[in-house]
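Residue-level structural notes
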Amino acid sequence: MQKPQPLLKKDQQAPQLPLYQSLEQNLDRVRAILGDSNDIVIREFKLGTKGHKAALLFVDGLIDKALVCENILNAVMIQVRQVEADGEEQLSPQELLTLLSERGISMLEIKTSDDFDRIFLAALSGEAILFLDGVAKALVISARGWEYRSIQEPETQTLIRGPRVGFTETLRVNTSLLRRYLRDPNLKLKTIYIGRRSKTEVCIAYIETIANPTIVEEVNKRLATIDVDAIMESGYIEQHIQDDWISPFPQLQSTERPDHVVIALLQGKVAILVDNTPFALLAPVTLNDFFVSPEDYYERWTIGTLVRLIRYLASFMALILPALYIALVSFHPEMIPTKLVLSLAAGREGVPLSAFLEALVMLVSFELLREAGIRLPGPIGQTIGIVGGLIVGQAAVEASIVSPLMIVVIAFTGISSFAIPTYSMAIALRILTLPLMFLSALFGLYGFILGLFLIGGHLSALKSFGVPFLAPFAPLSIKDLRDTLFRHSLLGMHWRPEHLKTQDQTRMQDLRTDSELAVEEKEKSLAQARPRGGKS
């Protein structure tokens with residue numbers, strides 16, 4: 001299979017604004033473009049007794065000043081003075097540039113550049129730029145040293161059992177976390193810049209010998225088509241490269257857990273990491289991926305299976321409970337048990353609102369409380385969420401605005417949505433609850449079933465980077481069902497997902513002997529050849 005072609009890096013493009021040989025002209029160009037910003041520092045100095053003119057350009061706050069003083073300024077001055085003291089011939093500007101890059105500056109990463117565009121990008125990214133008079137090139141020296149948040153446990157994806165490590169807002173810290181988990185030389189990290197003004201660094205991660213080259217190429221192609229002023233967060237990337245922007249369902253998965261990203265990479269997926277955000281994107285995804293947590297693989301298969309079944313049940317309840325309540329109460333009360341109907345009638349006595357308006361008012365009230373709890377400070381937000389919900393619910397029942405059973409239905413709906421591991425999927429289900437309620441209010445159970453059919457039809461047509469969203473349920477893959485509703489034991493998960501069409505399909509060697517596999521194949525063939533209803 002053809003290997004995926006990486007995107008063109010910024011330093012591989014042809015020069016657009018070449019440097020001058022004159023130092024004064026270069027500095028005039030720098031001042032003209034960068035302006036008079038106070039954080040732009042230009043340090044002019046002379047090297048050695050010969051007085052070679054030089055200048056250092058950097059952005060205050062993005063570089064390590066101690067590192068620049070000791071390993072760049074001090075080092076180049078001493079090195080040139082030492083060369084002149086040894087009695088060597090006077091060096092040309094080009095020879096002086098080579099001397100400083102090879103012997104003078106003791107930094108880990110030094111590059112040369114002859115393009116102002118690349119130099120401005122490097123300087124605004126935290127690099128130090130060294131200009132020399134008489135040469136149309138500059139040294140780009142890695143001296144980044146800004147403040148960043150330390151590695152902490154993710155707040156949006158907490159686990160009972162698992163590593164307490166999450167991504168930060170610094171891209172290089174995030175890529176180093178991936179390298180700590182995967183010491184595979186086939187793990188490729190390709191960096192590009194997106195955003196005409198922000199020049200945000202975006203990293204594409206995949207395992208070259210596992211990932212499908214077609215998927216990697218498609219990710220590269222979609223990223224290359226993004227043309228915006230700035231990329232502020234990975235959500236910008238997600239909205240630009242998703243397959244269907246109208247669909248309420250997310251077609252990429254976001255996570256701030258490096259172990260989650262590593263599990264996805266080992267399955268054959270592609271990860272997109274964006275600078276200035278702790279959330280990485282995974283592609284392609286299926287519906288099943290949004291109900292899977294990394295913790296499922298850290299516990300035994302029985303626990304993982306039980307938790308997944310609970311999540312699927314919770315998602316179904318979050319979607320249908322209010323609509324089903326409206327359909328039964330408004331159109332089909334005969335389908336409710338007699339004792340429950342009598343209790344429901346007693347609870348709804350004096351309620352002026354219809355079942356639809358009753359559910360709509362309580363659902364909106366619940367969402368308001370949830371949003372207020374998120375935006376307020378931590379201790380106050382928890383108090384608003386719990387106490388506010390109790391007070392509003394109790395007051396609504398006593399005022400005969402809603403029935404007690406409606407409070408129970410809305411409470412179960414909200415709690416069920418919180419059981420879904422991925423926030424974007426939980427939001428999508430809450431959004432779809434409203435049109436489902438409307439159809440149930442118009443046509444009863446017929447509208448309710450129609451709404452479910454419409455949602456199912458949309459899901460069956462939805463794709464994520466060419467992969468069916470309902471895989472492995474539709475199209476059906478018996479082998480991949482081992483990691484869906486029921487989680488098979490890790491000892492039996494020998495293959496990667498078929499719908500990803502990975503290059504290396506084997507995840508683990510089958511520990512069964514050849515004779516055992518032959519007996520199993522023989523039994524399968526006999527079972528298929530045996531007529532239905534026949535005796536053995």
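These remarks concern the structure in this document. (Residues numbered from 1 in each chain as written. Predicted model: local features only at pLDDT ≥ 70, side-chain atom pairs only at ≥ 80, totals over all residues. Heavy atoms only, no water.)

**Some points on the overall build of the chain**
Secondary structure assignment for the chain yields 17 helices and 12 strands. A buried classification covers 43% of the 536 residues belonging to the chain. Here the contacts in the chain between residues at least 6 apart in sequence split such that 67% fall between residues at least 24 apart. Carbon and sulfur atoms make up 59% of the accessible area of the chain, which amounts to about 28,000 Å² in all. (Helix = DSSP H or I, 4+ residues; strand = E, 2+ residues; numbered from the N terminus. Buried < 20%, exposed > 50% of the residue type's maximum accessible area, 1.4 Å probe, protein only. Contact = heavy atoms within 4.5 Å. Areas by Shrake-Rupley, 256 points an atom, 1.4 Å probe, with all protein chains shown as cover.)

**Examining the pairing of strand β6 (residues 187-194)**
Examined bridge by bridge, β6 and strand β7 (residues 200-207) share eight bridges and lie antiparallel to one another. Bridge pairing links Lys190 to Ile204 in β7. Counting the residues that bridge the hairpin from β6 to β7 gives five residues, and of these Gly195 lies at a positive phi of roughly 110°. (Pairing = 2+ DSSP bridges.)

**So, the sheet that holds strand β4 (residues 127-132)**
Hydrogen bonds between backbone atoms are what pair the strands of a sheet, whose relative direction is either parallel or antiparallel. Pairing within the open sheet is antiparallel, and its five strands lie in the order β1-β2-β4-β5-β3. This sheet does not close on itself; its edge strands, each paired only once, are β1 (40-47) and β3 (110-113). Each adjacent strand pair in this sheet contributes to an overall mean axis angle of 25°, direction not counted. Relative to strand β2 (residues 52-59), β1 runs antiparallel, the two being bridged by eight bridges. Within β2, the residue paired with Lys46 across the bridge is Lys53. Strands β1, β2 and β4 of the sheet are contacted by helix α1 (residues 23-34), whose axis makes an angle of about 170° with β1. The strands touched by helix α3 (residues 93-104) within the sheet are β1, β2, β3, β4 and β5 (138-142), with β4 carrying the most contacts at an inclination of about 150°. (Axes fitted to C-alpha atoms, helices over the stretch in contact; angles between N-to-C directions.)

**Re the pattern of salt bridges**
For the structure shown, the criterion picks out 28 salt bridges. The shortest N-O distance in the salt bridge between Glu201 and Arg172 comes to 3.3 Å. Placement of the pair is Glu201 in strand β7 and Arg172 in helix α5 (residues 171-181), with a sequence separation of 29 residues. The buried category is assigned to Glu201, whose relative accessible area is 10%. For Arg172, a relative accessible area of 40% gives the class partly exposed. A salt bridge links Asp243 to Arg222, with the shortest nitrogen-to-oxygen separation between them at 3.0 Å. Residue Asp243 is located in the loop between α7 (234-241) and β8 (253-255), and its partner Arg222 is located in helix α6 (residues 213-224); the two are separated by 21 residues in the primary sequence. (Salt bridge = Lys/Arg side-chain N within 4 Å of Asp/Glu carboxyl O.)

**Thoughts on a nonpolar patch on the surface**
On the surface, a nonpolar cluster with roughly 480 Å² of combined accessible area is contributed by Phe438, Leu442, Phe443 and Tyr446. Considering each element in turn, the nonpolar patch owes the most residues, three residues, to helix α15 (residues 423-443). Note that Leu442 resides in helix α15. For Leu442, a relative accessible area of 44% puts it in the partly exposed group. (Patch = residues over 30% accessible without salt bridge, like charges linked within 9 Å, V, L, I, M, F, W, Y side chains within 5 Å.)

**Details of the side chain of Glu238**
Mapped onto the elements of the fold, Glu238 is located in helix α7. Buried charge without a salt bridge: Glu238, with Arg222 as the nearest opposite-charge side chain at an N-O distance of 11 Å. With near-sequence residues (within four places) excluded, Glu238 lies in contact with Pro250, Leu252 and Leu281. (Lys, Arg positive; Asp, Glu negative; His and termini not counted.)

**Some thoughts on unusual backbone geometry**
In this model, Ala283 is joined to Pro284 through a cis peptide bond whose omega is -10°. Within the fold, Pro284 resides in the loop between β10 (280-283) and α9 (295-298). Looking along the chain, the bond that leaves Ala471 and enters Pro472 is cis, with omega of 5°. Here Pro472 shows up in the loop between β12 (467-468) and α17 (514-529). At Lys199, a position not held by glycine, the phi torsion is positive, near 50°. Assessed through its relative accessible area of 29%, Lys199 is described here as partly exposed.

**Observations regarding the packing of helix α10 (residues 301-330) against helix α12 (residues 355-375)**
With their axes 9 Å apart at the nearest point, α10 and α12 run at an angle of 155° to one another. Taken as axis vectors, α10 and α12 run roughly antiparallel relative to one another. Judged by the twist between their axes, the crossing of α10 over α12 is right-handed. On the side of α10, the interface is formed by Tyr325, Ile326, Val329 and Ser330, while α12 contributes Ala355, Phe356, Glu358 and Ala359. In the contact of α10 with α12, the residues fall into six nonpolar, one polar and one charged. (Parallel < 35°, antiparallel > 145°, perpendicular 65-115°, else oblique. Left-handed = near helix turned anticlockwise from the far one by under 90°. Nonpolar A, V, L, I, M, F, W, Y, C, P; charged D, E, K, R; others polar.)

**Topic: the packing of aromatic side chains**
The geometry of an aromatic ring pair is captured by the separation of the ring centres together with the interplanar angle, meaning the angle of the planes. Evaluated as defined, the whole model comprises six aromatic pairs. Summarising the aromatic geometry, the rings of Phe356 and Phe438 are spaced 6.3 Å apart at their centres and angled 65° between planes, so their arrangement reads as edge-to-face. With Phe356 in helix α12 and Phe438 in helix α15, this pair connects stretches of sequence that are 82 residues apart. Ring-pair connections join several aromatic residues into one group, and the members of that group are Phe249, Phe290 and Phe469. Stacked on the ring of Phe465, the Lys or Arg Arg222 has its end atom at 4.2 Å from the ring centre. Seen from the ring of Trp495, Lys479 lies directly overhead, with NZ or CZ sitting 4.6 Å from the centre. (Phe/Tyr/Trp six-rings, centres within 6.5 Å; stacked < 30°, edge-to-face > 60°. Lys NZ or Arg CZ within 6 Å of the ring centre and 35° of its normal.)

**Description of the sheet that holds β10**
With antiparallel pairing, the five strands of this open sheet are ordered in space as β6-β7-β9-β10-β8. Of all strands in the sheet, those bounded by a partner on one side alone are β6 and β8. Taking each pair of neighbouring strands and ignoring which way they run, the sheet shows an average axis angle of 25°. Bridge count between strand β9 (residues 270-274) and β10: three bridges; the pairing is antiparallel. Across the sheet, Val270 pairs through a bridge with Ala283, a residue of β10. Against the sheet, α7 engages β6, β7, β9 and β10, with an angle of about 135° to β9.

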